[in-house]
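# Structural overview
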Amino acid sequence: MLPAVFGNHSMTYLEYVELCSSFATASVYTRPLPASCIAFTRGVAEVQIDYFPFFPTNHTFTLRRSDLGDNLATGLAHGESPYTDTRNIFPGREYTYTVLSVIGGYESEDATCTQCAQPAPPNSFDGAFDSDTEVSVSWDEPTLDSEIDSYEVAIEDDAFVPASGSFIHTFSGLSPSTCYTFYVRSKVDCAGAGSPVYSDSRLIKRCTRPAKCVLSSVEPVDISFDIYQRKLHVTLEPVFNHSYRILRASAAGLLFDEIATLDAENGVYLDRNLLSGTGYCYKCVAVLNQIDGEASDRDCACTLPGTPADLQFNALSDQSIEVTWTTPNNDGRYTSFEVTHDLDSSAPASTAALSYEWSSGLEAGSSYMFYVRTYLDCTATGAASNDLFSDWAKVQAYTAPSEPVLMAIDSTTSTVLLDVENAEYYDEIRVFLNGLERTPIPHYWPHTVENLAAGTSYEFYVVAYKNGLTNRSSEITYCTTPNAPTNLRSSTRHFYGFELFWDPPISGAFSGYSIWTDADQTQWFNVTPILSAPNAKNENIKLYNFDVSKDFSFTFTPAAGAGNAPGIAPPFIQVSGIESGGRYLVKAHTYKVCSVVEADGTTTDRLFFSHDVLSEAVVGAHPVVSLQAESVSQTEIQLYFDMLATQVEQGTTFTIYRYNGHNQLEQSFTGVTLAQLPLRDTGLDPASFYYYTVAAQVYDVETDAESRTDLVDDYMNSSQSMSTFEIYFPPEPQVSADNSIQFYYFKQRSACTYPPNPSSMTSTDVDYDSFSITWTVDDYSHVSAECFPWNGGVDINGNVGCIQVEQRVYLEGEYVDTVAGTDPAAYTFDNLPNPRSAYWAQVATALICPDDNAYLDDVDYTAGSTAPYNDSYTLLSFNSAATDVFLGITGYTKPSNIPIVNVTMGLNDPTTELRVDYGQQDRGVVHEAVASWSESLLTSPFPTAQVSRTDTTPYLVITGLKSGQPYSVSARSRWVVDDSLTIFGNYAPEAVVVGDYEPLTANGQTVAGEPIYACTYPADVANATVYGIDNQTAGVTFDIPDGLMDSYNVTVSVDGSVVHQVMETIFPYFTPLETITWTYSELVPCVQFTISVVTSSSCGVNLERQWALTSVTGTAYTSPNEPTILLDSTSSVDADSVYVAWAYNPDSMNDLCTRPMFTVYRDDVPVSTSTATELTDSGLTAGTVYTYHVTSTFEGQTGPPSDDLQLCTYPIAPHSGMFLNSSVTRTSFAIEWQEPSEGGRTGFFLNDGQENTNTRLLASNFSYVDLAAGSEYSYTITLQSYLSCDVTGQFPEVELTSSDSHSFSFTACTAPVAPRLSGVLEDSMDYLLEVHISEGGFDHLTFDLNEALSGISVTSADGSFTRVSSTQLTFEASVSDTSLLQFNFAGLSKDTKYELSVHSNFDCSLGLGMTSEASTLTIQKSSPTRVAGLSPAKFAMIMAAVAVALLLMASVAVIALLKLKFSS
């Protein structure tokens, strides 16, 4: 049995030693196992076959395809699976493949598989919407010839489904306004493979038609800003990512015009510049992806009617007002007007006229805010809407003031005191005298008209002003008093008569004189005091006589001219019938008879008297004498006799006794003669009561009663009136012990010492009409405050009389009041006539001392009873001889609060200043005003600002305020008396109407005393920049000013006409400095526009919106339209330049915009700027993709860029040079070349003039395959570069081929096939070697021998050997058939291992030796070895069983691996 040989490995059986002969050997191959066959689709021109070569590496494989007449591939090596079939593959066609494994020339059984090439994809895939829920797609047959059984389509991520038509399919049930991705692919069923094969998918994105637009409302704009009556809000229900076309027609029309386009983010369109009071109808159309949806149903509305313009009022009377207006601006339509005012609670009055007279319920001199608005019956315009009204226009109106009632109160020789009923009701009253206005204008009433002539009749009337309107009073007549006569004097005619003389008045007219003299004391005390002497110790001096009283009164009317002119003898009158011994008071005055006319027209004749002129007339009388006690100071009383010297005989002396208030004798003065008088009693207690009696020592006293009548009191001092005056005589004379002297006790006289002055006087608590004083008083506890009865001149307690102490208060020298003498004492002067005035206030201590007659009458008082004072006199502390200072202090009233009549903008900066105007000025007063702010206007002010200003201007300016904020304004006066004293008035706001702003009101009425609310103007925006953004959009960027600002109004104008105006609201109101950007996108290209920004704020409580006085304005241009890049076949010119062209549509009103400056950008870098519309861009890199866009610029504004365009330069050919790479095999070789010297490329076109024509290559190398082994090939190759350039907007890609090429020729050789070795070791120990060459040629074989074979003889009949070395031989064949060569190795030895390797060599003409892989062989023959107990037959059987087992194991392993491969 011969040994079996597997591959290049041999199995040699052991030889039985000494038992068996030698075996002859031979190589035997079993049939190889079948290979697997699995086919895969790899493209429209490729099928890949995997044959899973899980075999020893010496197997090869043969691949056959059923439609080919020869093998597809043979001799496939172990590592070449899978195999890619590209041989004449037809897209979509089914192919069947057979795979055989080969070893030792033996082939396995067939393994077959079937697969289809991928079908070509459909062409021209497109689609379009059928409705808002359907889209149809269509396609054409593939551009390549292909087998196709059907087509399938899919949407989004859904599974593919068969197409409903051959080349069309409709998708239904889609969502409106939605874009979808649609797919289509070709399909071949490929039944032989068991599963279909699909082409690559083609996809498109298409959208359903937008859903029908829905208009939710069309309404008038109700936000109060400029011209809002000419605007309508059109509100629709937007869908994301849509745009909308807005269509408009008149309410009665059917033709709709497109007026605007909206995006989905803005569902409201503000239609502007309409006619007010006009009906309009609207539709909307949704647009998505340039597809219009179905138009909405029409919706109609009216613009609001315009507000009445030029509102005016006329005060027809004090109870009637006429309001007039003009029709609304913009020729707006209207139906009628409604009129009302702020105090009318009834329904507004309606009128179609342009005026209305309101004559009911109005009060004279009152303020009314009248409102007028326009009414529109919208249905009359053709639109179905509710009744519409404009905003109320308003005007502050006033009724005329009521007729003032003028009165004359009093007059003097040069003044008339006038008053007007309710004078405070009027704003201003002007006085007219005899038809001429008097100046200055009175500020206070009653008002004194000065500088008049005495005794003269005058006509007066006044004109009263209120709210700028006037009314005149009736005329009255009144007279000044005449001047008094002068130099009244008397002359004693005799003991019973006297003569009176006087001079006429120094000026003025009069009607006559009145003369009066007293005799009746009762009458005297009922008349005005005759004399006032501020520094006298008595207020009045009264003259008395004790004779029968007689009253004489005379009226003297001078003859014509008498008594009125100088040089005329003075008038006089004789008075007779007067009793002897009397003193009489006489007085005289003039009078004027005047016809007084009252306000109601009543005329009355009245007498106007001058003041009285006083004098004294004395009638001769018997001399009298009396004791007098006179207060001198706080510690002194002076005593004297009032008598004539002839009445006292010479030598008569007197004794004077002093008693204190407790009826205690304190002092006596004796031997007092007439020469010692007057006598001053000193060292007395202040504010104490004393009384004195006097006794006279008289000689030769007459005892008749008549002589005693001479010793009487002739007058006394008193400050109180008495009802009676009685004369008391002294008692009968008392005779001395020696009967020589008689003592006559005269009537006692009392007196008090002066009280001390108060001290420490201060002035406090200043107010507008009052101030207070305080002072310190002494202790007067010793002074009784009660009045005690008398019993015989002494009360029951032993006290004589009683005195009272008071504190008397004087103002400007005039007595005002009496207060208790407590310490400290205080008094408030109130109801003073003048604010801001200095008053001299004085205080004196008054000691009320009883007069003698208070206790020396004949009335017998019972103890405990109360007797009134009959008379008393008062001692004032400041009249004391020792203290002649009248203690006083200056008190001040506060300056009056000047009413605020207006609060307006500041003089310099109205954003931070408020000007406060006053109704009148008070000279010498500085005014202050304060403006306070708080968030609620009711809390404590923050911040506050206060400024002062002198009275040189009738206003204040408050600075340092915040802009745009409401402030409460109040003011006060400040009177700087001197450097050390400033008197402030109170802050006293007045409720007035301030411009268009009203103060807080209650029930619609102005509340007096509430703060005035006013606003600073909002500040302008800061750092405003106006600029164009693109060809339709303007923008402005600005900073919000510091202050209050809750909105701003932006106006966009073109050529002086407003094209857009809007008010934007900011929240919160207080905003720190930040930047706002505002844009408007409805302009046209290349237009110069102006943007004005004006700020505003709504100032809070009852205040309307306040706009800044100025606006911030800037001018800029919109940019031109974007250019449109044009695609052209010449766009790529050559390897270093491209050609770019573009079109431009100016779409502008500006002729200059037709050719703006164009800037071309290459890869976002500008490369050219000119007015040309084309550019050849040079100096570029070959084979490079460049991106271009173009912008247009006009007046510095650059428009939006054009769409990007990708252009490519042509590539250049590969760089010179070509070389074979190292990957040469027996059936292939590869060549490589250098990349182009610059730029890029997509691939190369290779032409070799043989089987390759414009073969596309992606890499810079190419492999020749399926060549014959050991063969030489020559080629001339031409290479060009190509670039696949995706030019924007074109499909498929543009392919650019280099204009130059690179050519070269080469010769290459394939490697020879490796020889397959087999042989037989003969008994002679010669080894017969067979070398099989399966294909191809070779030039020689190379044998590499081990050392064991180095000496062995090798021969062959097929050629000759050349020994290169002892271990290497070369063999050149001499026969033509070299597929099988035989070699003989002679003389081998047993038990020696021989190894050899053989490879083929092919001598290529290039001088390169191509060598195959080496095939190796081992030769060894061993001597047989005995195995105990095992016969040779048994040993052979065992070895055969082992061989079969090995084969079975190998088969099982192969089958298992095939199953695993198929399952995966």
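A few points on the structure. Since the structure is predicted, the reported quantities are computational estimates derived from the model, not experimental observations. (Residues numbered from 1 in each chain as written. Predicted model: local features only at pLDDT ≥ 70, side-chain atom pairs only at ≥ 80, totals over all residues. Heavy atoms only, no water.)

### Here we look at the side chain of S217
Locating S217 in the fold gives a position in strand β19 (residues 215-220). Look past the residues within four positions of S217 in its chain and what remains in contact with it is H233, V234, T235 and D299. (Helix = DSSP H or I, 4+ residues; strand = E, 2+ residues; numbered from the N terminus. Contact = heavy atoms within 4.5 Å.)

### Let's talk about the environment of R209
Following the sequence through the fold, R209 ends up in the loop between β18 (202-207) and β19. In this structure the C-alpha to C-alpha distance between R209 and D130, which are 79 residues apart in sequence, comes to 7.6 Å. Excluding anything up to four places from it in sequence, R209 contacts F129, S131, D132, P176, S177, I291, D292, G293 and E294. Among the polar contacts made by the side chain of R209, one reaches the main-chain carbonyl oxygen of D292 at a distance of 2.8 Å. (Polar contact = N/O pair within 3.5 Å; in protein donor to acceptor, adjacent residues only side chain to side chain.)

### Observations regarding the packing of aromatic side chains
Within this structure, the stated rule accounts for 44 aromatic pairs. Judged by centre distance (6.5 Å) and plane angle (55°), the ring pair of Y1186 and Y1188 falls under tilted. With respect to burial, Y1186 and Y1188 carry one shared label: buried. Seen in terms of ring centroids, F1361 and F1371 are 5.1 Å apart; in terms of plane orientation they differ by 50°. Their pairing is tilted. One end of the pair, F1361, is in strand β107 (residues 1359-1365); the other, F1371, is in strand β108 (residues 1368-1373), with 10 residues separating them in the sequence. Residue classification places F1361 among the partly exposed residues on the basis of a relative accessible area of 22%. Using a relative accessible area of 0% as the deciding quantity, one classes F1371 as buried. Grouping aromatic residues by their ring pairs yields a cluster made of F1229, F1262, Y1264, Y1273, Y1275 and F1306. One cation-aromatic arrangement involves R373 over F389; the distance from NZ or CZ to the ring centre is 3.9 Å. (Phe/Tyr/Trp six-rings, centres within 6.5 Å; stacked < 30°, edge-to-face > 60°. Buried < 20%, exposed > 50% of the residue type's maximum accessible area, 1.4 Å probe, protein only. Lys NZ or Arg CZ within 6 Å of the ring centre and 35° of its normal.)

### A look at a nonpolar patch on the surface
A grouping of V593, L607 and F609 is seen on the molecular surface, where their side chains present a nonpolar patch of about 250 Å² in accessible area. Within the secondary structure layout, L607 lies in strand β49 (residues 603-609). (Patch = residues over 30% accessible without salt bridge, like charges linked within 9 Å, V, L, I, M, F, W, Y side chains within 5 Å. Areas by Shrake-Rupley, 256 points an atom, 1.4 Å probe, with all protein chains shown as cover. Salt bridge = Lys/Arg side-chain N within 4 Å of Asp/Glu carboxyl O.)

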